[in-house]
Amino acid sequence: MMSQGVKKRFWKDNERIAHRFMFACLLLASPCTCFLPNFWSRVLTLSWDSYTHQYITEQAILNVTLDTLQQHQGHRAEEETRLGRSFWRAVGEVVHSNAEMDFLSSTRSDPVYHFDSERVDSAVAMLRRFWAQTLLSVRANEYQSALHSLGQLFHSLQDFYSHSNWVEMGQRSIYLHLLHPEEPAVPVAEDNTPTCMECFSATCRDNLLPRLTSRQRDVQLLTTGYFSTFPPKPEGKCSHGGMLDSSRSIGAKGGINKDSTSPLFSPHHFLHVEAAKLASDATLTVLRDLRNTVGHKTFLRLFSVKQVPALVFVMDTTGSMFEEITAARLRAHAIIRNRADLPGQPGSFLLVPFHDPQVGPVYETDDPDQFMEHMENLMALGGGDEPEMCLTAIQLALTHSPPMSEIFVFTDASPKDAHMFDVVKGLTLAKQSKVTFLLTEDPNYTIARKGSKRRKRSRQPLPPDRFSLYSALSSLSGGLTIFTSNSDIHSVSSIVEDNTAAAKVTLLHVERDQEQMSLHSFRVDSTVNAVTVHITGSLSHCFLVDPSGQTQSLLSEQGSLASLEHFNGLYRVRLLSPIQPGQWYLHAQADGHVAFNVIADSSVDFLYYFATVTNETHPGLAKVEGSPLAGVPTLLVLAVTGLSPHDEEVSFSHVTLLGAEGESLKKVLLNSSSSPSVSSSYTAVDLIGWVDSVPRAPFCVRLTGRDGRGNKLERVATEMVQPTRVQIQVLSTPPLVPGHSSTVDLNILNHGPDRLFTLTAEDDAGYLHTKGPHRFHVEAHNLFHSQVGLHTPASAQAGATVTLTLSVHALDSADTNYAVAYLTVVPPDLDTSPPSCSTTRLQSSCSPACNESTWNVSLAVWDRGRSGLAALQLHKGQGTLTLLPLPVGDKPGETHPEQHVRHKATLVERDPPLNVSGWGLGSSEPLWVSYTSSCCSAQAELLVWDTVGNLKRCHLASGQQRQLSDTRTENSGGRHVMPNGFSFLVLILLCCNINTSVPIHQTVFFYDTHLTHQHSNQFMVSSYPLFQDKCSSSF
């Protein structure tokens, strides 16, 4: 991690440049609408100490993750909480989705997404849809979609506290009603109600009308600022404000936003810290609710915390593949056996079988025993013509596997589905996955005759380039293509174990076609262990030189530097301990194509993306989706991961853009992008570099720095960036409703001359109306608007994700680009109403000697929506919770309740959630709950979920009888509406408790659903002697 001194020098040295750049950007900027998006926004607005969406989101995820690890593992040692590359990539997905709300044309000017223009009702409804979609995706193990909707939710939720008058009303706790409809709501000011007074200065103190700052609940009104010209701002309403808001000059002049600490952009800048704190608290609350709803294990998996790499096999199952299937089976068994001794989860396992014409089905599991059983049952059967549907199988593997997976393809056939290459290429780059091919066939031979079982194919000469698509895909993804034989496939498959071990980093990756002697180098630093070199092809000479100059010929002698295993098509070199830090060299001469890949064990790695400065609604950096534009300037943003708080002496100076053969194309200097005031010991180190012109040739990125001992440190991101002059902008990603059609809008941007393009669309579910290719003409430096239609069948499973991959190709050049959209299937009537709980009785005999007395509370719990109750958990409290459903068919004076009891359960703190979905409760049928505790523990919290994951927190206290609201309050005011079908007699059949020290009262509470609005929350109390003989102490 960079030292504080280095960071401070960066900010001091670059402040003058930032000032100049800032004012240049302001000339192009449009209205500012929410918390600043990301770290670069601080530079553009000169507000170095502002809290951004990125910082609030990253810190909240980090804090809840570390807290979850502590609860899950029982300790919080630094080594255990050193979070890796996969975690920070998942966090980045949420952050980018959050920031996109400011950058996408479909969301950046819509007040609903930003709690602007008093569109509070619509914004609240949208928040709840985002929450429901997140839960649907997580429950369906569609984590990519879940992260995306979570980022959208966070953006709008955080904006509420910056754009409304919630802080000005003196509120110091979050507005629970936003995601919990049963919590009290503050009415929103009517359209004709003035909210602000005139303000003629940059700082607007006391410009809200008195009722808008009142701390008396019965007179409070909620408002949010208008911005720009749409929707039109009524006279007397508050503006968003700031020098970029055109509505600030319309009465009432001024504004109320708290987006930053700069008065130029935020008239209420003096309340920025308070707003940011509440936004942080609200974000933390959502994450904790999510964790409690889906469970600790699933929460950690959502953010890829300490997940070992997935094991992904794409397997040709035609008759000639017996040896390959056996090799994959043995390798999987070895990996599973090795992982059994490691702490944490064994990871996920995925298998995609294919032949012609069948592909799949995809087999995916987290259970290693089930995976091995499935592998044992995998058979090599039959066969037909030589080409097979390999690329389609890889597409399925990419859509079902986690990002940054290693995918291993076993086949001896060329691809029959070559038209899928651009789609698979785009998916591979988007998910930063590596594809390695293990080909058990000589590329100079073979075709299968129809009717043969391909056991081995008849020898007929074929073009040697029929495997070229495999080589191209492995090269651009950073994988390898290995031509081997059936006799060596068992040994060659050891590369699967090497590459899927945890915490692997790449030190060198290069490919060459030249036959002369070549020289390649890689650096070993103090954080590196277990260095392995993979070389594919055929070598005639190969020498290894260590940093001290000692040389070993790898092909002809055993030495002290490394051990060599040579198989048909693969050389496997392992450096021997102790490994000397410094620069190592490989001198090699090959017969034809050769690839070098050097990997090692280390926690220190990096992520990167390209970005452009945007000023559409907010100054900030927008991530470039797809490939960057060739020949134009751009920014390169990196996040260094895996550093511990003790790595302060580690520094990073530059990145090098490397060509396909390892040659240097461009050097990019780096600076830290983190302000010293907001740094954290556990956050990834953000670095930023200015690329004055993106190279036109493909390249990969190598990061260079120094470790704590002064040794040079290098890491390579092996995927080959494909610069281009065409872009795809996805403008909308609508939800998919079963039985309905949806449209995805997109633009094709041509940054070259007039020319023809083709657009191809593919999805992994078969929902597309037409796939293409569609041909169209785009003028020079112009755009073409297009749409892609999908139809979701009525049988589609809610929560499923459809991966839509778009690929555009110029007909006159090699310019291509891609875009990937994740579309979630949602039910037409999404249930966003959480359960409810109402206190029916509170009894307390607490005395000063708290350990000698108890208190008891009885509750009625039911679901407000249509889904029904799913689970309950005693989250906090030292007492005992007892659950009993309402007896079916009971009427006063009839059969004893215990004769009808179907289920009964007791919970204590730290018990896992109790599943009650099988108790046969109707959607509005209550569950009766009794909680008894010592008076030494005066509070408790009960968590209640419905079957779609909506959560209700029921707070219990001994000091007073707190009526938990069971009415649904509308967003805009104080109208109370009773739940549909909820009109029943609350019968206290729980009059006797397990703890007999609690006095017994024969009191019955009736809930009157016909009371007026003013009294609709009150219980009527009356004597009911009929029940005096029906009490039972067994409950």
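Asker: Give me the environment of serine 493: which residues, what numbers.
Answerer: Structurally, serine 493 can be placed in the loop between helix H14 (489-492) and helix H15 (494-499). Between the C-alpha atom of serine 493 and that of leucine 570, which follows or precedes it by 77 residues, the distance is 9.8 Å. For serine 493, the residues in contact, after removing those within four places along its chain, are Ala327, Arg331, Phe410 and Leu438. Polar contacts involving the side chain of serine 493 include one to the main-chain carbonyl oxygen of histidine 490, which spans 2.8 Å.

Asker: Could you give an account of the packing of aromatic side chains, naming the residues involved and the relevant values?
Answerer: Scanning the entire structure with this criterion turns up 20 aromatic pairs. Judged by centre distance (5.2 Å) and plane angle (75°), the rings of phenylalanine 115 and phenylalanine 160 are edge-to-face. Here phenylalanine 160 lies in helix H6 (residues 143-163) and phenylalanine 115 lies in the loop between helix H4 (85-103) and helix H5 (120-139), a separation of 45 residues in the sequence. As far as the burial class goes, phenylalanine 115 and phenylalanine 160 line up, both buried. Across the ring face of phenylalanine 270, the terminal group of arginine 205 is positioned such that the distance to the ring centre comes to 4.2 Å.

Asker: Residues and numbers for the nonpolar core, please.
Answerer: Judged by nonpolar contacts, the single largest core of 66 residues is most densely connected at Tyr161 and Phe303. Mapped onto this core, the elements with two or more residues apiece are helix H3 (53-73), H4, H5, H6, helix H7 (272-294) and helix H8 (296-302). By residue number, the principal contributor to this core is H7, which donates 10 residues. When near neighbours in sequence (up to four residues on either side) are disregarded, phenylalanine 303 contacts Ile61, Ser86, Phe87, Ala90, Val94, Leu147, Leu150 and Leu287. Formed by 33 residues, the second largest nonpolar core is a distinct cluster that contains Val352, Met420, Leu658 and Cys700.

Asker: Can you explain the state of the cysteines? Please cite residues and give values.
Answerer: All told, the structure shown has 5 disulfides when counted by the stated rule. Note on cysteine connectivity: cysteine 199 is disulfide-linked to cysteine 204, with sulfurs 2.1 Å apart. When the S-S torsion is -95°, as for the bridge of cysteine 199 with cysteine 204, the disulfide is left-handed. Across the pair, exposure class does not vary: cysteine 199 and cysteine 204 are buried alike. Each sulfur of the disulfide joining cysteine 837 and cysteine 954 lies 2.0 Å from the other. Taking the torsion about the sulfur-sulfur bond, which here is approximately -120°, the covalent link between cysteine 837 and cysteine 954 counts as left-handed. Of the two residues, cysteine 837 sits in strand E31 (residues 835-844) while cysteine 954 sits in strand E39 (residues 951-957), which places them 117 residues apart along the sequence. With respect to class, cysteine 837 is no different from cysteine 954; both count as buried.

Thresholds, definitions, all that
Residues numbered from 1 in each chain as written. Predicted model: local features only at pLDDT ≥ 70, side-chain atom pairs only at ≥ 80, totals over all residues. Heavy atoms only, no water. Helix = DSSP H or I, 4+ residues; strand = E, 2+ residues; numbered from the N terminus. Contact = heavy atoms within 4.5 Å. Polar contact = N/O pair within 3.5 Å; in protein donor to acceptor, adjacent residues only side chain to side chain. Phe/Tyr/Trp six-rings, centres within 6.5 Å; stacked < 30°, edge-to-face > 60°. Buried < 20%, exposed > 50% of the residue type's maximum accessible area, 1.4 Å probe, protein only. Lys NZ or Arg CZ within 6 Å of the ring centre and 35° of its normal. Core = buried A, V, L, I, M, F, W, Y, C linked by side-chain atoms within 4.5 Å. Disulfide = S-S within 2.5 Å.

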